[in-house]
Structure formats: structure tokens, C-alpha cells
Amino acid sequence: MTCDEARILLHALLDNELDAGHAREVEAHIAGCPACAAEFAAQREMQRVLADADLRYTAPASLRARIEASLPQPQHQQPSRRSVLRGFAMGSAVSALAASGVVALVLRQDDQQRILSEVVSAHLRSLQAGHLIDVVSTDQHTVKPWFNGKLDVAPPVIDLTAQGFTLVGGRLDYIDARAIGAVVYKRRQHVVNLFVSQTSNAEYRAPKTETMQGFNCRRWGNRGLSFWAVSDLGADELAEFVDKFEAAMNG
């Protein structure tokens, strides 16, 4: 077993996700390779630190202030009683429509932030013991069929090894109270989780990068699917991953 092959499986060994045969091969390699042994020790320490970290995310408490700041401000002139009544009737209707629009916009933005928070939390959970991979394989023809029957729509699974992103497996995860697929890649020692869920919006949505808790997340929509790619890779490398994934999927 080479160092490149062993390092792909270090996380799986750490999470007890390898069968006995592969586990013995990786352990034997670690025993004779100081570099891989040091990498395994570093990953074990990272697992310990993440397990002890407080990863709770609190949604912002500014919703009420944002809505109130968007509402029309009161007038200070002294109008007639009739104009007051007429203005009140018209203003109430306009304000109700305006407020409902503002609320809808703010709620949509808050909902997107909530889902982003859930996606990042799922990525963090995957780095802990026993969470990264349900099916361990570098073969897309093994990973993709594994999702069949477990989800309404199986996520696209694309081998990007030649492009510098190694497929290592997949798993089921839960975002927004429903099961979705997560396809797992690695670039060097960085994990890239690609979360995929079905959506009613069939329009193409261009990729957009956001950062939360030190992780980059690039989200986009295509062919009735929503995608979130999450990693501690730099924004440029994560964008490269998404570009290569989309090119292969559309090719």
C-alpha cells in the first residue's frame, strides 16, 4: 500500500469504517511509515479537539429590529380628521403589503442562513468519529448505486481524481429535517463534503461562496438539485472543485 492510498483511508480507519482486511493493511503501512503515522496522530488529535468544541450556532436576534427599521416612519404634521381616517385606511393597507414583503424577504434570508448553518454543522459532524463515510470507495460506480432506494433522487457521483479531487465515498446526512446525500472528496488532506438535495426550482442558480465558522461553502442549483460544497480549502480551490464538478456533470 502506497502513502497516497493509505492517506485516503486514514479518516475511515480513525472512524472504524474499514473492514478488517483494509484496516490491517492501513495499520501495517502506518507501522512502517513515520510520515503517515504522524498524519494519523494529527487527525486523531483534530478529532479529539472537535469533539470537545462548542459548535452550537445561535441565529441572529436582529429580525425584529430589521423589520421595524423597514416600516414607514410616522408623520408629525397635523392633518384634518377626515384625512387622518382616509390616510389611516390607505396607509394600513400599504403598510400591511410592505411589511409582508419585508417579512418574506427577511425570512427567506434567515432561512438561507439557517440552512447554511445546518450544512456547516453537518460538515463538522462528519469530521468526528464514525460520521464521514457510510460507503467507502473511490469508484463512482460503487458509490452512486449505494444511494439508490435510500433517497428519492440519488446525487450525481463523479470521479474527479484526475482533476485533483479524490472520491472517497458517500453517506446519508440530514439538512432541513430531511435526508440528503453527501458525496465525500479529498484534496491532499482536506475533506470536501458535497451535499445534494432535490428542489422544486429547476432554474440554474450560479455558484456563490459564503464563509461560516472558518469553512468555505459554495452553493448552487442545477437540474432540480441544490448543491452545497463545504471544506476548509481556500475559496479559490473550492471554486475550482465546483467548476470541475459542473463541467463533468454537464459534459
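As shown above, the structure is provided for reference.
Residues numbered from 1 in each chain as written. Predicted model: local features only at pLDDT ≥ 70, side-chain atom pairs only at ≥ 80, totals over all residues. Heavy atoms only, no water.

J.: Tell me what's going on with the sheet that holds strand β6 (residues 215-222), and back it up with residues and numbers.
T.: What the 7 strands build is an open sheet, ordered β1-β2-β3-β4-β7-β6-β5; its pairing is antiparallel. At either margin of the open sheet sits one strand with a lone partner, and together these are β1 (135-136) and β5 (205-212). Taken together, the 7 bridges between strand β4 (residues 190-198) and strand β7 (residues 225-231) define a ladder with antiparallel strand orientation. Considered in β7, the bridge of V196 is made with F227. In the packing of helix α1 (residues 3-14) onto the sheet, contacts are made with β1, β2 (166-175), β3 (178-187) and β4, and the angle to β3 comes to roughly 140 degrees. Contacts from helix α7 (residues 235-250) reach β3, β4, β5, β6 and β7 within the one sheet, and its direction differs from that of β6 by about 25 degrees. (Pairing = 2+ DSSP bridges. Helix = DSSP H or I, 4+ residues; strand = E, 2+ residues; numbered from the N terminus. Contact = heavy atoms within 4.5 Å. Axes fitted to C-alpha atoms, helices over the stretch in contact; angles between N-to-C directions.)

J.: I'd love a proper account of the pairing of β6, names of residues and values included.
T.: Buried residues dominate β6, accounting for 7 of its 8 residues. The pairing of β5 with β6 spans 6 bridges and is classified as antiparallel. From the neighbouring strand, T209 faces β6, where its bridge partner is R218. Following β5, the chain reverses through 2 residues before pairing antiparallel with β6; Q213 in that reversal takes a positive phi of roughly 55 degrees. Across 7 bridges, β6 lies against β7 in antiparallel orientation. By the bridge assignment, N222 is partnered in β7 with L225. If you look at the hairpin formed by β6 and β7, you'll find 2 residues sitting between the two strands, and R223 has a positive phi there, around 55 degrees. (Buried < 20%, exposed > 50% of the residue type's maximum accessible area, 1.4 Å probe, protein only.)

J.: Any details on the environment of D236? Residues and values, ideally.
T.: With respect to the helices, strands and loops of the structure, D236 is situated in helix α7. A sequence separation of 20 residues divides D236 from N216, and the C-alpha atoms of the two residues are 9.8 Å apart.

J.: Can you tell me about the side chain of N193, naming the residues and giving the values?
T.: Structurally, the position occupied by N193 is in strand β4. A distance of 2.8 Å separates polar atoms of two side chains, one belonging to N193 and the other to H123. Those residues in contact with N193, other than ones at most four positions away along the chain, are H123, S126, L132, R171, A182, V183, V184, W228, A229 and V230. (Polar contact = N/O pair within 3.5 Å; in protein donor to acceptor, adjacent residues only side chain to side chain.)

J.: Go over the environment of D134 with me, naming the residues and quoting the values.
T.: Along the chain, D134 falls in the loop between α5 (81-126) and β1. For the pair formed by D134 and L172, sequence separation is 38 residues and the distance between their alpha carbons is 7.3 Å. Residue contacts for D134: discarding those within four places in its chain leaves W146, G170, R171 and L172. There is a polar contact of 3.0 Å between the side chain of D134 and the backbone nitrogen of L172.

J.: I'd like a description of the packing of α1 against helix α2 (residues 20-32), backed by residues and values.
T.: Where α1 meets α2, the closest approach of the two axes is 10 Å, and the angle between their N-to-C directions is 115 degrees. Where α1 crosses over α2, the handedness of that crossing is left-handed. Packed against α1, whose contacting residues are C3, A6, L9, L10 and L13, the element α2 presents A23, V26, E27, H29 and I30 at the interface. Among the residues making up the contact of α1 with α2, the classes are represented as 8 nonpolar, 1 polar and 1 charged. (Left-handed = near helix turned anticlockwise from the far one by under 90°. Nonpolar A, V, L, I, M, F, W, Y, C, P; charged D, E, K, R; others polar.)

Function cannot be read off these values alone, since they describe shape.
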